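Coordinate inspection notes
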Amino acid sequence: GNSVTQMEGPVTLSEEAFLTINCTYTATGYPSLFWYVQYPGEGLQLLLKATKADDKGSNKGFEATYRKETTSFHLEKGSVQVSDSAVYFCALNTGGFKTIFGAGTRLFVKA
Amino acid sequence: SAVISQKPSRDICQRGTSLTIQCQVDSQVTMMFWYRQQPGQSLTLIATANQGSEATYESGFVIDKFPISRPNLTFSTLTVSNMSPEDSSIYLCSADSRDRGSTDTQYFGPGTRLTVL
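Overview of the structure. (Residues numbered from 1 in each chain as written. Chains lettered and ligands numbered in written order. Predicted model: local features only at pLDDT ≥ 70, side-chain atom pairs only at ≥ 80, totals over all residues. Heavy atoms only, no water.)

Attention shifts here to the overall build of chain A. Looking only at helices and strands, chain A has zero helices and twelve strands in total. Listing every helix and strand of chain A by position from the N terminus yields β-β-β-β-β-β-β-β-β-β-β-β. The C-alpha radius of gyration computed for chain A amounts to 13 Å, which stays within 12% of the reference 13 Å derived for 111 residues, consistent with globular compactness. The principal-axis extents of the C-alpha atoms in chain A amount to approximately 45 × 25 × 20 Å. Taken across its 111 residues, chain A has 44% of its residues classed as buried. Contacts in chain A between residues far apart in sequence, at least 24 positions, make up 55% of those at least 6 positions apart. Accessible surface, chain A: about 5300 Å² in total, of which carbon and sulfur atoms supply 48%. The average position of the 10 basic charges and that of the 10 acidic charges among the side chains of chain A differ by 6 Å. (Helix = DSSP H or I, 4+ residues; strand = E, 2+ residues; numbered from the N terminus. Rg over C-alpha atoms; globule rule 2.2 N^0.38 Å. Buried < 20%, exposed > 50% of the residue type's maximum accessible area, 1.4 Å probe, protein only. Contact = heavy atoms within 4.5 Å. Areas by Shrake-Rupley, 256 points an atom, 1.4 Å probe, with all protein chains shown as cover. Lys, Arg positive; Asp, Glu negative; His and termini not counted. Charge placed at Lys NZ, Arg CZ, Asp CG, Glu CD.)

Summed over all chains, the structure comprises two disulfides over all chains. Two residues, Cys23(A) and Cys90(A), share a disulfide whose sulfurs are 1.9 Å apart. Disulfide Cys23(A)-Cys90(A): torsion about the S-S bond near -70°, hence left-handed. Highlighted residues: Cys23(A) in strand 4 (residues 23-26) and Cys90(A) in strand 10 (residues 86-93), separated in sequence by 67 residues. Given the relative accessible area of 1%, Cys90(A) is considered buried. The structure places no disulfide on Cys13(B), whose sulfur is separated from the nearest cysteine sulfur, that of Cys23(B), by 18 Å. (Disulfide = S-S within 2.5 Å.)

Attention shifts here to unusual backbone geometry. Look at the link from Gly9(A) to Pro10(A): it is a cis peptide, with omega at 0°. By secondary structure assignment, the location of Pro10(A) is in the loop between strand 1 (3-6) and strand 2 (11-14). In this model, Lys7(B) is joined to Pro8(B) through a cis peptide bond whose omega is -10°. Relative to the elements of secondary structure, Pro8(B) occurs in the loop between strand 1 (4-7) and strand 2 (10-13). Although it is not a glycine, Glu16(A) sits at a positive phi angle of roughly 75°. In this structure, Glu16(A) sits in the loop between strand 2 and strand 3 (19-21).

Attention now moves to the pairing of strand 8 (residues 75-80) of chain B. Residue and element names in this part refer to chain B. For strand 8, the buried fraction is high: six of the six residues fall into the buried class. Where strand 3 (residues 19-25) meets strand 8, six bridges bridge the pair, whose relative direction is antiparallel. Bridge assignment links Gln22 to a residue of strand 8, and that residue is Thr77. Where strand 7 (residues 68-72) lies against strand 8, three bridges are found, and the strand directions are antiparallel. Looking at the pairing, Ile68 lines up with Leu78 of strand 8. The loop that links strand 7 with its antiparallel partner strand 8 comprises two residues. (Pairing = 2+ DSSP bridges.)

Let's shift gears to the sheet that holds strand 9 (residues 75-77) of chain A. Residue and element names in this part refer to chain A. Pairing is antiparallel across the open sheet formed by four strands, whose spatial order is 3-9-8-7. Looking at strand neighbours, the two that pair on one side only are strand 3 and strand 7 (56-59), the edges of this open sheet. Put simply, the sheet's adjacent strands are angled 15° from each other on average, direction ignored. Note: strand 3 against strand 9, three bridges, orientation antiparallel. Looking at strand 9, one finds that Thr20 is bridged to Glu76. (Axes fitted to C-alpha atoms, helices over the stretch in contact; angles between N-to-C directions.)

This is how it looks when you write it as structure tokens:
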């Protein structure tokens, strides 16, 4: 079945460090891929998405590239800020009614 | 993007009681979803709610425990019945973007943080 695996957290970085959060997926067909972010005390917000192979999603300095050959969608940011501290969820949807979420990776950024 | 509101934002309830959570979307949507997020965990889909039909429940969730209403295209409620401390979670309402002709992005409400004593 469809599934999403992302790196376990927490990830702790200093401000201005480079961030990578790994995400791989298993899916039938050609899924759309997403990163959602959950700030403390809030619901999930869409951060970025990609709908086909080699697409790059980007938003707020975050990027992720849809790699079909490695079934991956790693999240990257060149210079994190304290305000990026949150939980990040990788997710996929194959065009049905369900979105499959990964377990979430908590990021702490220290000043 | 859709704007989704939930009420209440948080509640503390006694064991054996029931709580109804309301979810309001600022536009008409076909599909609405209810998720549970236990502390430090990912999201678990409880059920999918279509207007005019009974909700479709995921494995491990039953209508008697989590009755859902969907009276129109902008509103849904989830009731957590006969609560126990194990029901303490964040409950999230969601709608997808299908009605806007875009890809299948989901939009989430801010969540209802439930504590059962």
